[in-house]
Amino acid sequence: MKRKHIISLVIIIVIIIAVLYYGATRYLDITMASDHFSISMNSPKQATVHKNLEAFSSINVKLSEADIELKSGNTFGLSYHGKKDETPTATIKDGILTKKKKQAHSYSHSHPELVITLPKNLNTLDHVSLISSNGDITIDTINKLSINTLTMESSNGDLDLEQCIVKDLVAT
């Protein structure tokens, strides 16, 4: 009889731990920046941004935590889904698309995504640099895209390259 009570108690404790873990990972948002550290009980406000872009011939993307994808579409464009207060900035200057994220590190259940769309009829890009310290990087275009210099860097993510011809490749 005593053994049944102990087993029941262990099962209840395991269930409580599992529920607490699920709740903490689902509803806690931990943010660290150079000047502050915060833990929020509310899930972060999410934003989805779609933007049509002018033509560019090079890409320079550096994000701390996000999946990055290059894909084919009808026009030049980008789409970002992630925390509203950490939406990266995008600029096009001298034919170079540059996208950088604010310097805050957030650990939450959601994972930001950046999708850059290239026109199907685009044949060549000069330089492409895609860096995400914690995210997957994917290049999957319908046409055989030619890239002169390609850098793909991710400390903790997969690198996936399909349908491309690359002269100089650095992948880490």
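Here the structure is a predicted model, which means the values were calculated and not measured.

## Observations regarding a negative patch on the surface
Reasoning step 1: On the surface, Asp140, Asp158, Asp160 and Glu162 cluster together into a patch of negative charge.
Reasoning step 2: On the secondary structure map, Asp160 appears in strand 13 (residues 159-171).

## Things to note about a nonpolar patch on the surface
Reasoning step 1: Among the surface-exposed residues, Ile7, Ile11, Ile15 and Val19 lie close enough to one another that they form a single nonpolar patch of about 370 Å² accessible area.
Reasoning step 2: Inspection of the secondary structure puts Ile11 in helix 1 (residues 2-27).
Reasoning step 3: Judged by its relative accessible area of 46%, Ile11 falls in the partly exposed class.

## With respect to the confidence of the model for the chain
Parts of the prediction with low pLDDT should not have their coordinates interpreted in detail.
Reasoning step 1: When the pLDDT values of the chain are averaged, the result is 82; 81% of them are 70 or greater.
Reasoning step 2: Highest mean pLDDT in the chain belongs to strand 11 (residues 124-132) (93); lowest belongs to strand 9 (residues 104-107) (52).

## Structural notes on the nonpolar core
Reasoning step 1: One finds Ile59, Ile116, Leu118 and Leu130 to be the most contacted residues of the largest nonpolar core, which totals 25 residues.
Reasoning step 2: Counting only elements with at least two residues in this core, the list comes to strand 4 (58-63), strand 5 (67-73), strand 6 (77-83), strand 10 (113-119), strand 11 and strand 12 (137-153).
Reasoning step 3: Sequence-distant contacts of Leu130, defined by excluding residues within four places in its chain, comprise Ile59, Val61, Ile68, Leu70, Ile137, Ile139, Thr151, Met152 and Glu153.

## Description of the side chain of Thr151
Reasoning step 1: Residue position: Thr151 is located in strand 12.
Reasoning step 2: A relative accessible area of 19% means that Thr151 is categorised as buried.
Reasoning step 3: If we ignore the near neighbours within four places in the chain, the residues touching Thr151 are Val128, Ser129, Leu130 and Val170.

## Regarding unusual backbone geometry
Reasoning step 1: Phi is positive for Asp94, close to 55°, though the residue is something other than glycine.
Reasoning step 2: The topology assignment puts Asp94 in the loop between strand 7 (89-93) and strand 8 (96-100).
Reasoning step 3: For Asp94, a relative accessible area of 73% puts it in the exposed group.
Reasoning step 4: Although it is not a glycine, Gln163 sits at a positive phi angle of roughly 60°.
Reasoning step 5: Given the relative accessible area of 35%, Gln163 is considered partly exposed.

Conventions used here
- Residues numbered from 1 in each chain as written.
- Predicted model: local features only at pLDDT ≥ 70, side-chain atom pairs only at ≥ 80, totals over all residues.
- Heavy atoms only, no water.
- Patch = residues over 30% accessible without salt bridge, like charges linked within 9 Å, V, L, I, M, F, W, Y side chains within 5 Å.
- Areas by Shrake-Rupley, 256 points an atom, 1.4 Å probe, with all protein chains shown as cover.
- Salt bridge = Lys/Arg side-chain N within 4 Å of Asp/Glu carboxyl O.
- Lys, Arg positive; Asp, Glu negative; His and termini not counted.
- Charge placed at Lys NZ, Arg CZ, Asp CG, Glu CD.
- Helix = DSSP H or I, 4+ residues; strand = E, 2+ residues; numbered from the N terminus.
- Buried < 20%, exposed > 50% of the residue type's maximum accessible area, 1.4 Å probe, protein only.
- pLDDT = per-residue confidence, 0-100.
- Core = buried A, V, L, I, M, F, W, Y, C linked by side-chain atoms within 4.5 Å.
- Contact = heavy atoms within 4.5 Å.

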